Amino acid sequence: GAVVSQHPSWVICKSGTSVKIECRSLDFQATTMFWYRQFPKQSLMLMATSNEGSKATYEQGVEKDKFLINHASLTLSTLTVTSAHPEDSSFYICSASRTRLAGGETQYFGPGTRLLVL
Amino acid sequence: AQKVTQAQTEISVVEKEDVTLDCVYETRDTTYYLFWYKQPPSGELVFLIRRNSFDEQNEISGRYSWNFQKSTSSFNFTITASQVVDSAVYFCALSERGAGGGNKLTFGTGTQLKVEL
């Protein structure tokens, strides 16, 4: 159990376009989902925390108008990179956990989406 | 603020050697959780273990073992008889209560393990 999928796995787009990435928990209900960004040979940087039915909480320095997050159901969260530019090229990873309580619930990660903006 | 330090950037071993990956953490919380994740070249993070701050028992799972020492704020990971398939980046992480609810993970910088024949 605890499988998380992401779609698409790869996306190449032109500068100025918007890209939507989906994150789904396949066999459990995820009250909380997280979006991370990872540059080559670096650690994961948390971008935002997404709770079902409410607005996402963004980390300091992350533009909420640039990275739109929607968590419409207990199994789906989406990240939209609006007006993408080459500096947005990165590896985007989502994770999901079962509860929003402070119980150290395990986060299960999706396979990631590699975005290349030309 | 919470912090996780993985001082070893890269480790290379020969297959069948034992290898220990170090993790040192800082937190003011009395209740916290520690995690290890494996990231193979494919990119997907694979969950390996979760340990809460009240449980200092060492754990063994097959060739993997973990040593939690609260006195030194360390949570080290040992792979016994390493195999080529163990080659990956390993991340240690510490949980804290996030502003958005749920546990927010603070990751270390990762240790790249290369196991060669």
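Residues numbered from 1 in each chain as written. Chains lettered and ligands numbered in written order. Predicted model: local features only at pLDDT ≥ 70, side-chain atom pairs only at ≥ 80, totals over all residues. Heavy atoms only, no water.

Novice: Help me get a handle on the overall build of chain A, residues and values and all.
Specialist: Counting its secondary structure elements, chain A contains zero helices and 11 strands. When its helices and strands are written in sequence order, chain A yields β-β-β-β-β-β-β-β-β-β-β. Against the globule reference of 13 Å for 118 residues, chain A gives a C-alpha radius of gyration of 13 Å, in line with a compact fold. Over its C-alpha atoms, taken along the principal directions, chain A stretches across nearly 40 × 25 × 25 Å. Burial statistics for chain A: of 118 residues in total, 53% are counted as buried. Of the contacts formed within chain A by residues at least 6 apart in sequence, a portion of 56% connects residues at least 24 apart. A total of about 5600 Å² of accessible surface is found on chain A, and carbon and sulfur atoms cover 54% of it. Of the side chains in chain A, 11 bear a positive and 9 a negative charge, and the two mean positions are spaced by 3 Å. (Helix = DSSP H or I, 4+ residues; strand = E, 2+ residues; numbered from the N terminus. Rg over C-alpha atoms; globule rule 2.2 N^0.38 Å. Buried < 20%, exposed > 50% of the residue type's maximum accessible area, 1.4 Å probe, protein only. Contact = heavy atoms within 4.5 Å. Areas by Shrake-Rupley, 256 points an atom, 1.4 Å probe, with all protein chains shown as cover. Lys, Arg positive; Asp, Glu negative; His and termini not counted. Charge placed at Lys NZ, Arg CZ, Asp CG, Glu CD.)

Novice: Before we move on, can you summarise the sheet that holds strand E7 (residues 67-73) of chain A with the specific residues and values?
Specialist: Within a sheet, adjacent strands bond to each other through the backbone by hydrogen bonds, running parallel or antiparallel. Residues and elements named next belong to chain A. Within the open sheet, the four strands sit side by side as E1-E3-E8-E7. Their pairing is antiparallel. Each end of this open sheet is capped by a strand with a single partner; those strands are strand E1 (4-7) and E7. For this sheet, the mean inter-axis angle between neighbouring strands, taken without regard to orientation, is 15°. Here E7 runs beside strand E8 (residues 76-81); their pairing, made up of five bridges, is antiparallel. Bridging across to E8, Ser73 finds its partner in Leu76. (Pairing = 2+ DSSP bridges. Axes fitted to C-alpha atoms, helices over the stretch in contact; angles between N-to-C directions.)

Novice: Residues and numbers for the interface of chain A and chain B, please.
Specialist: Each side of the interface is counted separately: chain A has 29 residues, and chain B has 24 residues. Of the roughly 1900 Å² buried at the junction of chain A and chain B (both faces included), carbon and sulfur atoms supply 52%. Counting the surface chain A buries against chain B, the share from its top three residues, A:Ser43, A:Gly104 and A:Phe109, is 23%. One can count one salt bridge joining chain A with chain B. Of the charged contacts, one joins B:Lys104 and A:Glu59 as a salt bridge, the two residues approaching to 2.8 Å between their closest N and O atoms. At the boundary of chain A with chain B, the tally comes to four residue pairs in polar contact (both at pLDDT 80 or more). Of all elements in the fold, only strand E4 (32-38), strand E5 (44-51), strand E9 (90-97) and strand E10 (108-109) of chain A reach the threshold of two or more residues within the side of chain A that touches chain B. A per-class count over the side of chain A that touches chain B returns 11 nonpolar, 14 polar and four charged. (Buried area = accessible area lost by both parts, 1.4 Å probe. Salt bridge = Lys/Arg side-chain N within 4 Å of Asp/Glu carboxyl O. Polar contact = N/O pair within 3.5 Å; in protein donor to acceptor, adjacent residues only side chain to side chain. Nonpolar A, V, L, I, M, F, W, Y, C, P; charged D, E, K, R; others polar.)

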